[in-house]
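Geometric and topological summary
Spelled out from the first residue to the last, the chains are:
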Amino acid sequence: MAFLPTPDDKFTFGLWTVGNPGRDPFGEPTRAGLAPAEIVELLDEAGGALGVNFHDNDLVPIDATQAEAATIKKDFAAALERTGLRVCMATTNLFGDPVFKDGAFTSNDADVRAYAVHKTMHAMDLGAEFGADVYVMWGGREGCETDAAKDPVESLNRYRDAVNFLCGYNAEKGYNFRFALEPKPNEPRGHIFLPTIGHCLAFIASLEHPDMVGVNPEVAHEHMAGLNFTHAVAMTLWAGKLFHIDLNDQAYGRYDQDFRFGSESPKAAFFLVKLLEDHGYSGYRHFDSHAYRTSDRADVIEFARGSMRTYLMLKDAAKRWNADAKIKEFLASMPQGGLLGKGGAPRTYSPGIAAELHGRAFDRAALASRPLPYEALDQRTIEILLGA
Ligand code: GCO
Ligand code: MN
Ligand code: MN
């Protein structure tokens, strides 16, 4: 099958992902740096993506003059027009400049915190100018190396003040951004605040505009923490908070690898795609990854194509899994238990149900011996995945 992506699949890439020049902490770039308009052309050559996302400074360098900014924006807009790609998500670079070496919204220095909010307001203006409707907040520098440096409770207050303020700005300007907080446990800081999905969900509940704010989970970030990403995403779906998703891959226990989606743990990627598709996730599927440092431009295009193709192959596998006669047979053979009143578990409390359950007799041995053929079920899953 072709598995050719179309804009309806809602695949997006960042200027910083397909435009990544292959620099790492140990070595210089291995690929030429591309202007934003050239990155749009590269994506167009890959084919099938819906859009492109940016940090303020991916598009306009932090020290650009007004005239330089105007030229870059004009070239970028022309490339979008030419290719039909659109901007879907925007975000702020609050990590690259030395001013943010000890955090942005959570810096101990009130002037740095003010600058971070000022920079984000300008970046929101830029995102809105290009039609983005999701605004990601990744707090890469919001953290510490030593707990001597910051009060972690006060840091959360400062974080909340900044997000509340920016929600106010969003409302006043009528931008209608859906904010998506992106958790990560560490890297570049030794410890980052809001390290997992669960932390973000608890934080959102404390905000002034909780409806405006959701989560942007990333495969690599939960895997770095040794967690099950599918379960993390399930919790955001359950909470109605999956506003965006960063797809990539990552070996557990390693540095932040940002590998091509599905390249490291295809089985985990399969259950993730199945979850998203089964539960009708309708947002963007953003690939926050970059090509190996060994890749040249042609291989970067293969990387982009491969990301989308793998998603579509896994989506097809999920469809085949759901329709598979053997899988259906296994699922139907699982013990489900009885209906409420005639056995089964209560969902809501009532004195009558409580009295019935309190007095109910259970055959523990019989319950424990009901068969659960999960080995067979998992093996069938592997066979579907491997095309046997
Ligand atoms: C990372 C993060 C970033 C963010 C990006 C958008 O590990 O570096 O995933 O790529 O997603 O800054 O906010
Ligand atoms: Mn990441
Ligand atoms: Mn990310």
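Up top you'll find the structure we're talking about.
Computed from a prediction, not measured in an experiment: that's the story for all the values here. (Residues numbered from 1 in each chain as written. Chains lettered and ligands numbered in written order. Predicted model: local features only at pLDDT ≥ 70, side-chain atom pairs only at ≥ 80, totals over all residues. Heavy atoms only, no water.)

Overview of the coordination of the manganese ion (ligand 3)
Donor atoms from the polypeptide that coordinate the manganese ion (ligand 3) comprise Glu182 (OE), Glu218 (OE), Asp246 (OD) and Asp288 (OD), at 2.0 to 2.2 Å from the metal. Because the angles between the six donor atoms bound to the manganese ion (ligand 3) fall within 84 to 177 degrees, the donor set is best described as octahedral. All donors to the manganese ion (ligand 3) come from one chain, and their sequence spacing reads E-x35-E-x27-D-x41-D. For the pair the manganese ion (ligand 3) and the manganese ion (ligand 2), the metal-to-metal distance amounts to 3.7 Å, and Glu218 bridges them. A residue pair is termed long-range when its members are at least 10 positions apart, and Asp246 in strand β9 (residues 246-247) and Asp288 in the loop between β10 (285-287) and α11 (297-323) qualify at 42 residues. Asp288 carries the same exposure label as Asp246, and that label is buried. (Donors = N, O, S within 2.8 Å, 3.2 Å for Na, K, Ca; no water. Tetrahedral: all angles 85-135°; square planar, octahedral: opposite > 155°, others 65-115°. Helix = DSSP H or I, 4+ residues; strand = E, 2+ residues; numbered from the N terminus. Buried < 20%, exposed > 50% of the residue type's maximum accessible area, 1.4 Å probe, protein only.)

Thoughts on the site of ligand 1
Around ligand 1 lies a shell of 13 residues, among which His55, Glu182, Lys184, Glu218 and Asp288 are the nearest. Between ligand 1 and Glu218 there is a distance of 2.7 Å, counted from an oxygen atom to a side-chain nitrogen or oxygen. Bound to the protein, ligand 1 loses 92% of the 330 Å² it would expose on its own. Considering only residue class, the shell around ligand 1 consists of four nonpolar, three polar and six charged. (Near = heavy atom within 4 Å. Polar contact = N/O pair within 3.5 Å; in protein donor to acceptor, adjacent residues only side chain to side chain. Areas by Shrake-Rupley, 256 points an atom, 1.4 Å probe, with all protein chains shown as cover. Nonpolar A, V, L, I, M, F, W, Y, C, P; charged D, E, K, R; others polar.)

By themselves, these are just geometric observations and shouldn't be taken as functional.
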